[in-house]
Amino acid sequence: MHSFITISHADRRPMYLQIIEQIRHRIAVGDWKAGDELPSIRALAVATQVSVITVKRAYLELEREGVIVTRQGKASFVAENVDLGGQLRREELDQHLAAAAQIGRELALTPEELIERLRMRMTEGRKKS
Amino acid sequence: MTDLAIEVEGVAKAYRFFALSDVKLTLPCGQIMGLVGPNGAGKSTLIRILMSLIHQDQGQVRVLGHSMPEEQVAAKWQVGYVSDDMRLYGFGTLGWHMRFVASIYPGWDAPYAQTLLKRFNLRTEQQIRHLSHGERAKATLLLMLARRPRLLLLDEPTTGLDPVARHELLVELMDVLRDERRAILFSSHNTQDVEQISDQITFIDRGRIIDSSDKESFIERWRRLKLEVPAGVTLPGVAGVVDLDVSGHLATVTTNAHSDELERAYVNAGATLHEVQRMTLEEIFVANVMASRRERAS
C-alpha cells in the first residue's frame, strides 16, 4: 500500500530522519500536493514496519517545520505553501554545505580554499552536462 | 477496562542460582515493547511470570487488567504466547493442530490462518516431526497469530528464522498494531528487530531492569563524543557520562544524557569537539550493560 518509504539499516541516520526526508522528497517532486491527506501514523507504521512512536516523531517534526499540518489531532495534510519544493531543496543544500564546512574545519582549510573547491566542482558540473 | 496491557510492580522471583528482583514494567495498549538482555538475564523468567507459567514470590502482575496468577484463566483467552521450547505433536500435521486450536479458541480466524500459511510458506498436510526448526517456529507462530489474541508474549520469536521469514513475521507483528487495543511484548537478541518495530524498550541484565523507556527518547539520550584534549587540559567530571576513554590526545565520551550543556562543559574546559555520534541500539545496549555491571561491582 504505502510502501513508498523504505528504511535502510545501512544508513546511519535514525529512522525518523529517514522518514522525514522521504516525505519531504515526495512533496518536493510534486507527488504529494498541498492539501493532500497523509496516511495516518498507525497506517504508515504498519506499512513500513517501523514503530508507531518513530513515525509519530517524524510527523511532529514535519509539523514543527510547517511542512504538514494536523487537524483536530487526527488527520495530517501537506501544508499550503507554494514554494515548498524550492525551500526543501535549499534546506537540503544547507545541510550538505554544513557537512562540507565541518570537513573543511577538520582539514584546516581556510574559507577561501573551501569556496575555491566549490567553484571547481560547479565548473566540473557544467562541463559534464 | 484498563488501557494498560501489562502492569508489573515490585516483582521478585528467587532461584538457587538466579534471582529476578524489583521488576517494574508497564506496557500501554497499542504499543510494542522489546525486551533486550544477554543470555540468562531473566527475559524468559519474566515472560513466564506474565503468562503465569511460574508464579512470582512477591509483587503485582496485571495482564489485560487481570491479576496474575489468580485470574490467569480469564487472561489467557486473550493472550498468545510463543517460546522456543514449546512442543507440538510430532505425528500430528499442521492442519490437525490448526483444527485443534480452532476448537478451543472461538476467536480463530480461518481466512487469516490461510494467509499466514502462504506468507510463512507452510502446508497443512506437513507432519510436525518432518519440519525444520525454522518451520516449526513458524507453525507455532501461525497457531498463535490466527487466534488474534489481544496481547502477544513472544520469547525470542525471530530466533532460527531465515531473513525472509523474519521479515514476514515483522510485517505480521506490525499488522497486529493496526488495532489500538492490542499490544506485543517480545524478547530478542536481535537489536535491529527491536529497534525497528518497538515503541518501548526495556533492558534487563542479571535479573534486574537496568533501563526502560520509549524508544525515541532512549536513542536520543545516548551519544558518543569524540574530543581532542590538548596537553594540560583536564576533562571535567560531567553528570550522565557512562564511559570515558582517553588515549593520547583523543578522548571518547559515552553519555546517556546528551545535551548542549554537556558539550559546552567539555569545550569550556579547553577540549575540541570533533564529532558527536549517534549510537545504534546494539551499541547502547552493550554500553548500558557494561556500565550497570561496573556500578554493581563497585
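In case you missed it, the structure is sitting above this.
The following paragraphs examine the structure supplied in this document. Model, not experiment: these values are computed from the prediction.

**A look at the nonpolar core**
Residue and element names in this part refer to chain B.
Then step 1. Leu50, Val63, Leu142 and Leu153 are the most contacted members of the largest nonpolar core, which totals 86 residues.
Then step 2. For this core, the element with the highest residue contribution is helix H5 (residues 133-145), accounting for seven residues.
Then step 3. Sequence-distant contacts of leucine 153, defined by excluding residues within four places in its chain, comprise Ile47, Leu50, Met51, Val79, Tyr81 and Leu185.

**Structural notes on the pairing of strand E4 (residues 58-63) of chain B**
Residue and element names in this part refer to chain B.
Then step 1. Of the pairings in the sheet, the one linking strand E1 (residues 4-14) to E4 comprises five bridges and is antiparallel in character. In the sheet register, isoleucine 6 faces E4, and the bridge partner there is valine 63.
Then step 2. Relative to strand E5 (residues 66-68), E4 is paired through three bridges, and the arrangement is antiparallel. From the neighbouring strand, arginine 62 faces E5, where its bridge partner is serine 67.
Then step 3. Linking E4 to E5, which pair antiparallel, is a turn of two residues; within it leucine 64 sits at a positive phi near 50°.

**So, the pairing of strand E2 (residues 19-28) of chain B**
Residue and element names in this part refer to chain B.
Then step 1. As judged from the seven bridges shared by E1 and E2, these two strands associate in the antiparallel manner. Following the sheet pairing, glutamate 7 is matched in E2 by threonine 26.
Then step 2. Linkage of E1 to E2, two consecutive antiparallel strands, is achieved through a turn of four residues.

**Focus: the environment of B:Glu172**
Residues and elements named next belong to chain B.
Then step 1. Inspection of the secondary structure puts glutamate 172 in helix H6 (residues 163-176).
Then step 2. A residue is classified by how many C-beta atoms lie within 10 Å of it, and glutamate 172, with 19 of them, is partly exposed.
Then step 3. Between the C-alpha atom of glutamate 172 and that of leucine 225, which follows or precedes it by 53 residues, the distance is 38 Å.

**Focus: the interface of chain A and chain B**
Then step 1. Contacts between the two partners involve 14 residues from chain A, matched on the other side by 18 residues from chain B.
Then step 2. For the side of chain A that touches chain B, the elements supplying multiple residues, two or more each, are helix H2 (41-48) and helix H3 (52-64) of chain A.
Then step 3. In terms of residues, the side of chain A that touches chain B owes the most to one element, H3(A), which gives four residues.
Then step 4. Grouping the constituent residues of the side of chain A that touches chain B by class yields seven nonpolar, four polar and three charged.

**Here we look at unusual backbone geometry**
Then step 1. Backbone torsion omega between B:Met68 and B:Pro69 reads 5°, so that peptide bond is classified as cis.
Then step 2. Assignment of secondary structure puts B:Pro69 in the loop between E5 and helix H2 (72-76).
Then step 3. Phi is positive for A:Gln49, close to 55°, though the residue is something other than glycine.
Then step 4. On the basis of neighbour count, A:Gln49 is assigned to the partly exposed category, with 19 C-beta atoms found within 10 Å.
Then step 5. A positive phi angle, close to 55°, is found at B:Glu156, a residue other than glycine.
Then step 6. Looking at the element boundaries, B:Glu156 is found in the loop between strand E7 (151-155) and H6.
Then step 7. Overall, B:Glu156 belongs to the buried group, with 20 C-beta atoms counted inside 10 Å.

**Notes on H5(B)**
Residues and elements named next belong to chain B.
Then step 1. Given a rise of 1.5 Å per residue, 13 residues ought to cover 18 Å, and the 18 Å separating the end C-alpha atoms of H5 matches this to within 8%.
Then step 2. H5 sits mainly inside the fold: 11 of its 13 residues count as buried.
Then step 3. Turning to H5, its buried residues number three or more, namely Glu135, Arg136, Ala137, Lys138, Ala139, Thr140, Leu141, Leu142, Leu143, Met144 and Leu145.
Then step 4. Contacts from the buried residues of H5 go to strand E6 (79-82), helix H3 (94-104), helix H4 (110-119) and H6.

**A look at the sheet that holds E1(B)**
The strands making up a sheet are joined through hydrogen bonds of the backbone, oriented either antiparallel or parallel.
Residues and elements named next belong to chain B.
Then step 1. In space, the four strands of this open sheet follow the order E2-E1-E4-E5, with antiparallel pairing throughout. Whereas interior strands pair on both sides, the edge strands pair on one side only; in this sheet they are E2 and E5. In this sheet, neighbouring strand axes are inclined to one another by 20° on average, regardless of whether the strands run parallel or antiparallel.
Then step 2. Those strands touched by helix H1 (residues 43-50) are E1, E2 and E4, and its axis lies near 120° from that of E1.

Reading the values: rules and limits
- Residues numbered from 1 in each chain as written.
- Chains lettered and ligands numbered in written order.
- Predicted model: local features only at pLDDT ≥ 70, side-chain atom pairs only at ≥ 80, totals over all residues.
- Core = buried A, V, L, I, M, F, W, Y, C linked by C-beta atoms within 7 Å.
- Buried ≥ 20, exposed ≤ 12 C-beta atoms within 10 Å, placed from the backbone.
- Helix = DSSP H or I, 4+ residues; strand = E, 2+ residues; numbered from the N terminus.
- Contact = placed C-beta atoms within 7 Å.
- Pairing = 2+ DSSP bridges.
- Nonpolar A, V, L, I, M, F, W, Y, C, P; charged D, E, K, R; others polar.
- Expected span 1.5 Å × (residues − 1).
- Axes fitted to C-alpha atoms, helices over the stretch in contact; angles between N-to-C directions.

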